[in-house]
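Spelled out, the chains give:
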Amino acid sequence: MFALSLSRNRQVSEEITQETFVKAVKNINQFKGNCKLSVLLCQIAKNTYFTYMGNKSTTNRAIPRKKHKRTVSRLNKS
């Protein structure tokens, strides 16, 4: 869920999640236990996402959220 909230793209989030766990398993011996494992995994996922997005062209990036425009009602003054 965390990777999906970052990327807003299911395919990207699956790649980020897989890469996050691969990195965590490879480097588990460096984990000192000074934080929860979930916090560590979220940090790895965040860093992996930013690295991933920095390496992709702009056409492959996640679709940005639409910004909601406020509608302003105009009053006709006579």
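Scroll up for the structure.
Quick caveat: nothing in here was measured; it's all calculated off a predicted structure.

Novice: Would you mind showing me how to read the side chain of Ser13 here?
Specialist: Along the chain, Ser13 turns up in helix H2 (residues 10-26). Setting aside residues up to four positions removed in sequence, Ser13 forms contacts with Ala3, Leu4 and Ser7.

Novice: I tried to follow H2 on my own but got confused; where do I start?
Specialist: It helps to recall that an α-helix has 3.6 residues per turn; residues three or four apart then point in one direction. Across its 17 residues, H2 extends 24 Å between first and last C-alpha, which sits within 8% of the 24 Å expected from 1.5 Å per residue. For H2, the complete set of buried residues consists of Val12, Ser13, Ile16, Thr20 and Ala24. The arc that holds every buried residue of H2, seen down its axis, measures 95 degrees, which confines them to one face. Turned more than 90 degrees from where H2 packs its buried face, Arg10, Gln11, Gln18, Val25 and Lys26 sit exposed. N-cap assignment for H2: the residue whose side-chain oxygen lies 3.0 Å from the backbone N of Gln11 is Asn9.

Novice: Sorry, what's going on with the nonpolar core here?
Specialist: Across soluble globular proteins, nonpolar side chains show a tendency to be buried alongside one another. Judged by nonpolar contacts, Ala3, Leu6, Val12, Ile16, Ala45, Tyr49, Tyr52 and Met53 together constitute the single largest core of eight residues. Within the residue set of this core, elements represented by two or more residues are helix H1 (2-7), H2 and helix H3 (37-55). Residue contributions to this core peak at four residues, all from H3. Once you skip the residues sitting within four places of it in the chain, Leu6 turns out to touch Ala45, Lys46 and Tyr49.

Novice: Mind showing me how you'd approach H3 here?
Specialist: When the terminal C-alpha atoms of H3 are compared, their 27 Å separation across 19 residues agrees well with the 27 Å that a helix rising 1.5 Å per residue should span. Buried within H3 we find Leu41, Ile44, Ala45, Thr48, Tyr49, Tyr52 and Met53. Take H3 and look down its axis: the buried residues cluster within an arc of 160 degrees, on one side only. Those residues of H3 that are buried lie in contact with H1 and H2.

Novice: Hey, could you run me through unusual backbone geometry in this one?
Specialist: Phi is mostly negative for residues that are not glycine, and the peptide bonds are mostly trans. Despite not being glycine, Arg8 has its phi angle at roughly 55 degrees, a positive value. Take Arg8: it is sitting in the loop between H1 and H2.

Novice: Help me out: how do you make sense of the packing of H2 against H3 in this one?
Specialist: Pairs of packed helices are described in terms of their axes, by the angle between the two and the distance that separates them. The N-to-C vectors of H2 and H3 enclose an angle of 125 degrees; their axes lie 9 Å apart at closest approach. The orientation of H2 with respect to H3, classified from their angle, is oblique. For the crossing formed where H2 meets H3, the hand is right-handed. Contacts between H2 and H3 involve Val12, Glu15, Ile16, Glu19, Thr20, Phe21, Lys23 and Ala24 from the former and Leu41, Ile44, Ala45, Thr48, Tyr49 and Tyr52 from the latter.

The rules behind these values
Residues numbered from 1 in each chain as written. Predicted model: local features only at pLDDT ≥ 70, side-chain atom pairs only at ≥ 80, totals over all residues. Heavy atoms only, no water. Helix = DSSP H or I, 4+ residues; strand = E, 2+ residues; numbered from the N terminus. Contact = heavy atoms within 4.5 Å. Expected span 1.5 Å × (residues − 1). Buried < 20%, exposed > 50% of the residue type's maximum accessible area, 1.4 Å probe, protein only. Arc of directions from axis to C-beta. Polar contact = N/O pair within 3.5 Å; in protein donor to acceptor, adjacent residues only side chain to side chain. Core = buried A, V, L, I, M, F, W, Y, C linked by side-chain atoms within 4.5 Å. Axes fitted to C-alpha atoms, helices over the stretch in contact; angles between N-to-C directions. Parallel < 35°, antiparallel > 145°, perpendicular 65-115°, else oblique. Left-handed = near helix turned anticlockwise from the far one by under 90°.

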